[in-house]
Each structure stands twice: as C-alpha cells, then as structure tokens.
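Structure at a glance
Here are the chains, one letter per residue:
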Amino acid sequence: MSSTLKLSQRETAFNHEVVTRFELYNSLFQTLPFYQVKDTGILLPFFSSHCEKGTMNQQSPKEIIESFFEKYVPGIDHQEQINRLFRFIQYIERQVVLFDAIEDSSFSKIGRPDDSGSLQSLLQQVAISDEARKNISEKLKDFSLRLVLTAHPTQFYPGSVLGIMTDLIEALKTNDINSIDGLLQQLGKTPFFNKTSPTPVDEAVSLVWFLENIFYHAVSDIQSKLEEEFDIDLAAEHQILELGFWPGGDRDGNPNVTTETTKDVATLLRQIIFRCYYRDFRVLKRRITFRGFGYTLTQLENIFYENAFNPNDSQADLQNKILEKLQSVRQTLISNHDSLFVDTVENLIRKVKLFGCYFATLDIRQDSRVLRKVFNYCAEQAGIKENIAEGYKGLDEDGKLKNITFNNFDFECPDGADSEVKDTLNTIRLVKQIQHRNGEKACQRFIISNCQQASDILQLIDLFLWSGWNADNLSVDFMPLFETVNDLKVAGEIMEKLYTNPFYKEHLARRGNKQSIMLGFSDGTKDGGYLMANWSIYKAKVELTVMARKYEIDLAFFDGRGGPPARGGGKTHRFYASMGDEIANEHIQLTIQGQTVSSQYGSIETARFNMEQLINAGIVSELYPSKSDHLSSKSKVLISDMAEISYKSFIHLRQHELFVEYLEKFSPLKLLSRINISSRPTKRNAGAQLKLEDLRAISFVTSWSQLKQNVPGFYGVGTSLKKMKDEGHWDEIKLLYQTSGFFKTMLDNCMMAMSKSDFRITTHLKDDEKFGAFWQMLKDEFELTKNLLIELTGSTALMDEYPVERRSIGIRERIVLPLVIIQHYALQCLNSDDCNEALVETYDKLVIRTVYGIVNAGRNLV
C-alpha cells in the first residue's frame, strides 16, 4: 500500500472517528447544566467564534473580550463578566478532556503514520525469515528499554480526572451514549486542580496511578509477546523492559523531598505492586481449584495480602521466594494437569520477574554543588579528616584525582547538621535499607545533576563509604548528568578520567562494566537554543561512545527528555532509529514526564504502541543501520555550522535587555509558582530576584508556550537556514533533510513546535512603545523559519507530511483559543496603568486557571 494512500485513509478515519464524533458529543456536552450557570454552554460557541474572528482581525485580547460582552451579553457589570469567563474556562477544560478521550478511543482505527516502526513490523520480518528471527532474538539478549516517570510539575490531570478519562475512552469505543452522558456530567462536577500544592508523596501517588493501571499491564503484554516470538527464556536473567521513578527520589532543587519522603515512596511502590499481584492471584486461585496446591496457594495468598494491605518496616525482599512457589505451581500443572491454566501462572511469574517487590527503580538525584558541600562537611569530621590529604579542598581537579582516598568509616550525621547535609547522608544510608526490603533494583542509581568534573562522582562514592557502605558490596550505579552546552563539550574528558581511575575501574568491574550517562535536553535548549542543544548532545554521544568502546564499557545513555521538541520531545523514537553506528544504542533510557505521560502512555493500548516503537527503533538501528544515518564529515560540518549560527542568534536574543522582562510581563511566568501542581519551586533560589540562569527549563518553556510563541523550539533555525542558502549550500541542506534521519527528525520536531505557535494573539504588541521592536524580532524569526522550512521540505504548510497530526493540533488550538485570549486579556488588565487594585487577585486567578487547559490541550507543550 502506498504511503499516500495510507495517509488518505488515516485522514478519512480521523475525520469520521474523531472530528465528527467530537462535534456530536460536544453538542451534548454543551447542554449539561454545570454549577450555578444555565447559559454558558449556549454562549460558548459564540464566544469561541468571536475569539477566532477577533484574532483574525488582529484585535487585542482586551478588545475581543470587551466587544463580546457588548454584543452578546450587554448590561452586566464587570464582576459578572469575569464570572462568565471563569465558567467558560470550566467548560473548555472539559472540552479538552473530551477531545483527548475521543482521540484515544479511536487509536486502533486511526493508527499512527509510522506503524512500520512498531513491534508488528519486526514480527512480519521473522514470519518470512528464520535468519531475521535469529538475529533479533540474539539482539534482544543485550537490548533494554527503561522508561522513567519523573516528578516534574507538568502533569495537570488529577487522578480522579484520569479515572474518568479511562472510563470515557472505553465508553466511546462502543459509543455507549448513556455511559458517556453520565461520565460527562461527572466530569463537569469534578475539580481539575488542587487547592494546595501537592507534597512529593502526593506527586508519587499521582504517577503511581499510571504504573498500576497502565504500565503493569502494557509492560507484561510486550514481554509476553517477545518471549513467544523470539525464543526468550522465561527464566533468563536479562531484563528487556524496566521502569524508573523519580518522585520522592529527585531532590535536585526541591527542599520538600526528604529522607522520610524517599522512604515513604519506596514503601508505596512496594505496597502497590503487591496489590497488583494480589488481584492477579485471586484470578489464578479461581482457576486452580484441584487438589495438590492448597498449602502453596495459601502461603502465596498470605504473602500477597499482608504486603498489599499490612505493610511494615520489617518486610524483606520476597521476589525469589514468590517465584519459587509459583514455579512449583507451574511445574505441577505441567506434570499432573496437562498444563491446564499454566499460562495464567506464567503471566504472574512474568510480572513478578519484571517488577519484583519494587515496581519501579526509585532513582536518587542531587545537584553536584550540594554534594560538594556535603563532602567538605564530612572531610572536617573526626575519623574522616585524618585520611584526607592536607590542603585537598584547595587542589585543582587533577590534584584531587591524584590525592583522593577511599576509606570506610561509619559516620552518623548529627541532628544539628545542615538540612542538605543530613538529607544526603541519611538518604545514602536509606538506600541500603530499601535494597534490603524491596530488592537491589529498588534503589540502585544515584544521579549527579550539573556534573562538571570526575571528582563529583568520586567524592560521592566517598560519602557512601563514610556512611556504612563497603566498596566490595557497593551495589549502586553512579550516573553523571551533563546538561549545559559547555558541560557536554567536556563530558568525554570527564568520563575518561573516571574510566582510568583505579578505584572506579574496580567498581565498574563489579557492576558488570556497565555505565549509564544522563544527558539533559532542556537546559541545553535554554542555554544555547534548539539546534545547538540537539547538536551538542549528538556530538557528546559520539565522543562518549568512542570513550566507552575504548575502555570496553557497556554504555547506556539516559536521555532527560521533556514533552515538547524544545525539551527533547516530539517524535522521540525517530531519534533513536537514526542514531547510526557511531552512537551506543544497545540500551534506550528516557524520562517520561508531563503531558507525555497521559498523551502517550495514558491507556494500555497507546503505552504498548509507544514502547514497541522504541524497542523497534533500538533493534533496527543496531541490526539494520542505514548508511544515511552515519553522518559524513561534510554533513557534520554543515550541521555544526548551522548550530553555531543558530547559537549566536539565540544568545543575542537571550542577552537582549528586554528578554526576561518581556517574558515576565506578557506570560504567566510570575504566577506559575501559584499553580498547585508541584512540590518543586519554579526556579532555584526561590526567594531571590528572577535571573534567567535560576529559571527552570520547564518554567522557561511553559511560559513561551503560553505566549503561543514557542521561541525555544525554533529561534535561530531560520537564521541558520538563510545563512546556508545565502552561502550556496541550499541543495546540500535539502539532500541532508531527505537522507539523514537525525537531521529530518530535528527539523520535523521544530515544525511541530511552530505549529503550536500563533503570533496573531500578541499582534497588538507590535505597536507597544517599549516592546514593539522586540516582539517584531521574534515574529520575523518565526516567519523566516516557517518560510524556509516549507521551502526546504517542498510543502505548502508546516507538518504537511503529517496531515492527521496537523489537523489534531489545529482542532486543539481552536478549542483553547478562548483560554489563550482570556489569559492575555487578564495579563493586559494587570499590565494596565489604571488596573483596579481590588481586581488584581481576580485577574491573577484568571491567568492561573487558563494555564491548565492550554497545557493539557497541547499534550506535549511542557
């Protein structure tokens, strides 16, 4: 079937299954009598249409809102106008949920444009080739995929709404009108946001919903399929699919995460996985009703029940004990009962092997600056300082590496120590307790954020040795996180110093010569712009791969990817499929955060599909590397030149005197800290005046997306393309786009970010005396980038190659346009010289409330 025909069929299916059904159910939705208002649903279509026309006519948000009330609801006072706006927000938030649910319920009928990149395509290969089956089976013995759910403040749907969405998706699959009607009414009465900020444990509970309801089933389904098709031994030690978890363990910049938090989350993960096992066990027990199993089944039931509902600190890792008993049941079924129901037992065995007593590995993360402070504190304590080289603190990096010693000492941190010191040292001790209770995999990775030197890793190892750990039994993997453009440049040099350090070399040998390195996309984009961030990470991966192969290290890259292209998101699997043989790709590890969790992993079906795509990408890039994925020296020079031009353009923008002020004044940046979705501050040094370097990448990207300008996702790209064209390299760039998967994916994701931009909303700023020229500079770069990308791709519009995705984005943008107008109306009022002080808090609330719906509609905006 030709790709053009397939696209046409997808478009037809999308129009029928999504667009038509949304119009149908939206009309039902608008008749629902929500709290204290009768005519909001009737007025909303008029308001939406008015916003569209006003935006098209380049009216300011204030002009649009005021003319709407003047035309459609004359005679009401300003307070009542604001009340109506809040009710519109209430409706639109739920319209977004409805559209999400309809789109997700149609997933199997619409599919994705790149279905060829799923596990199904691998199965088709093995069906016609025994050689392919053998090669893929062999490759799966080394390959692994790890998805890590993070605690970043971008998951806006509370658990209650996620539950409604799940039920709504199922009802929509069969168009069960009565159930849909009831669920829409329930949705109308269910709050969408918290009145207070969640604690880190609350955040963990929210994300555990996905582990329990989605990943528990999707991961085991994929594992079962792989075992069946590729001759993978059920008893094999190698684990292909792994899950990670950051809430409760990630304390970088979050003073609310404490040792007690980490302990509580580890306990929660254990308890929830045993509840999953207990539910499955009850199904198994209903099937196995014949003689010979009574005592074993009773023992298993007690284990599952007690750990699920009566947890206590004395519990130990029971994975092997459970597996032993389940294997006994399995063997008896095979030997004495013709293997009746053996598949039910194997299903539970598979899950216990996958999730153990921990469900997902709880990663610990802390900033290198904090860890250095803790090291310096400990180095002054009796029993430790005697083994520290004199003047060690003042030595340069080479001096520290020559003089650092590794001695065991059991230092108990006193209660009077600094809070960060206490948290670090007590958490290091807690890791050992978690491993004892939940298994080694429960908590075995320590990530060092802002890692800038090899001593950051080695000094952390000392902290472990000074906290009761022994070098021979140090069952922890130390993982540097390189984030900024400058840190990425020296990453290879840092790792070589570690690989050649005698103590670290021995530690790696005990850990199977495996090293994971985390690379952060978000800070790189904020630091150097879109092209430079992507290119810096690509180059760092090549250099780090060379270094790992030189020292025979099994390297895994852990990519810190957010939702949008500006934070490493977009069509992620295509990046992995296009890595080429210069980059280690045997293991894929990436963060899943924000709307990416609910949009790509919100149902078992979509989660399975997206995980299968990543598995396919890793296998195919290793077994069948494309020549075009290996960038030639000439291609590297072209991309490097583009990245450098883009970088200079972005830095020029960043250094503009109005850059931060513009973002503060015309986006919700200053109010993001009041959105009760996270325990984490929106910026480091929370009490200080706002500085760009303190602003978290998430807040930075979120603010631009709310402005509908998405600057981090495109700025500088157009300037670099123009330079290439002016210098006579246009044909080479076009060929590179057509042949290089990496380059094409990078620009396709840029176009996705731009498709969610709309400068018409802020057109009124072009006449602003202070900010007009700055706004025009942003708009000019957007238009330049758009026009050159359209010319480069031979298209007529952005994302022309992905019409269904473009249409979906278009509908979502149309749904939330009134929210964007309301937000900017409120900001205009707040920025007005004659703003009524009594209404400041009300306008603030209007801004805050609109953020939820805009981000949820974007699905990968933050």
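Preceding this section is the structure that the text describes.
Everything in this summary refers to the structure shown in the same document. No experiment lies behind these values; they were computed from the predicted model shown. (Residues numbered from 1 in each chain as written. Predicted model: local features only at pLDDT ≥ 70, side-chain atom pairs only at ≥ 80, totals over all residues. Heavy atoms only, no water.)

Structural notes on the pairing of strand E8 (residues 554-560)
Across a regular strand the side chains alternate sides, sitting on one face of the sheet and then on the other. The condition that has to hold: Exposure is judged per residue with a 1.4 Å probe applied to protein chains only, and the accessible area is read against the type maximum: over 50% gives exposed, under 20% gives buried, and values in between give partly exposed. What counts as a helix is a DSSP run of H or I of at least four residues, what counts as a strand is a run of E of at least two, and both are numbered from the N terminus. At least two bridges found by DSSP between two strands are what make those strands a pair.
In terms of residue burial, E8 counts as a mostly covered element, since 6 of its 7 residues are buried. Of the strand pairs in this sheet, strand E7 (residues 514-520) and E8 are connected by 7 bridges, and their pairing is parallel. By the bridge assignment, leucine 519 is partnered in E8 with aspartate 559.

Considerations on the packing of aromatic side chains
Our working definition: When the centres of two rings from Phe, Tyr and Trp lie within 6.5 Å, Trp using its six-membered ring, the rings pair. Their planes under 30 degrees apart give stacked, over 60 give edge-to-face, and anything left gives tilted. The criterion for a charge sitting over a ring is simple: Lys NZ or Arg CZ within 6 Å of the ring centre, and within 35 degrees of the ring normal.
On inspection of all chains with the given rule, the structure shows 45 aromatic pairs. Pairing phenylalanine 714 with phenylalanine 782 gives two aromatic rings, centres 5.4 Å apart and planes at 80 degrees, and the pair type is edge-to-face. Pair noted here: phenylalanine 714 is in the loop between helix H29 (697-706) and helix H30 (717-726) and phenylalanine 782 is in helix H33 (residues 772-793), with a separation of 68 residues, a long-range link. Note on accessibility: phenylalanine 714 and phenylalanine 782 belong to one class, buried. Seen from the ring of tryptophan 469, lysine 432 lies directly overhead, with NZ or CZ sitting 5.1 Å from the centre. The aromatic ring of phenylalanine 558 is capped on one face by arginine 445, whose charged end is 4.9 Å from the ring centroid.

Brief notes about the side chain of histidine 587
Going by this rule: Pairs of N or O atoms are called polar contacts if they sit within 3.5 Å, as long as, within protein, a hydrogen donor faces a hydrogen acceptor (for residues adjacent in sequence, only side-chain-to-side-chain pairs). Residue contacts follow a heavy-atom distance rule, with two residues in contact if any of their heavy atoms lie within 4.5 Å.
Looking at where histidine 587 falls in the secondary structure, it is placed in strand E9 (residues 587-592). Looking at histidine 587, the relative accessible area reads 11%, which means it is buried. Looking at histidine 587, its side chain comes within polar contact range of the side chain of serine 144, at 2.8 Å. What histidine 587 contacts, discounting residues up to four positions off in sequence, is Asp142, Phe143, Ser144, Asp554, Leu555, Ala556 and Phe557.

What about the packing of helix H3 (residues 61-72) against helix H4 (residues 78-105)?
As a reminder, the rule being used: For every element, the axis is a line fit to its C-alpha atoms; helices are fit only across the contacting stretch, and the angle between N-to-C directions ranges from 0 to 180 degrees. Note that the term roughly parallel is reserved for angles under 35 degrees, roughly antiparallel for angles over 145, roughly perpendicular for angles of 65 to 115, and oblique for everything else.
One can describe the packing of H3 onto H4 by two numbers: an axis separation of 12 Å at closest approach and a directional angle of 105 degrees. As far as their axial angle goes, H4 and H3 are roughly perpendicular. Side by side, H3 and H4 meet where Ile65, Phe68 and Phe69 of the first sit next to Gln81, Arg84, Leu85 and Phe88 of the second.

Details of the environment of phenylalanine 666
If you trace the backbone, phenylalanine 666 turns up in helix H28 (residues 659-666). By relative accessible area, phenylalanine 666 is classed as buried at 10%. Sequence spacing of phenylalanine 666 and leucine 827 is 161 residues, and the spatial spacing of their C-alpha atoms is 6.5 Å.

A few points about the sheet that holds strand E3 (residues 361-362)
Two orientations exist for strands paired in a sheet by backbone hydrogen bonds: parallel and antiparallel. The 9 strands are arranged E3-E2-E1-E9-E8-E7-E6-E5-E4 in an open sheet whose pairing can be described as parallel. Edge positions in the sheet fall to E3 and strand E4 (364-367), since each has one partner strand and no second. In this fold helix H26 (residues 604-623) packs onto strand E1 (144-149), strand E2 (241-245) and E9, with an angle of close to 140 degrees to the strand it touches most, E1.

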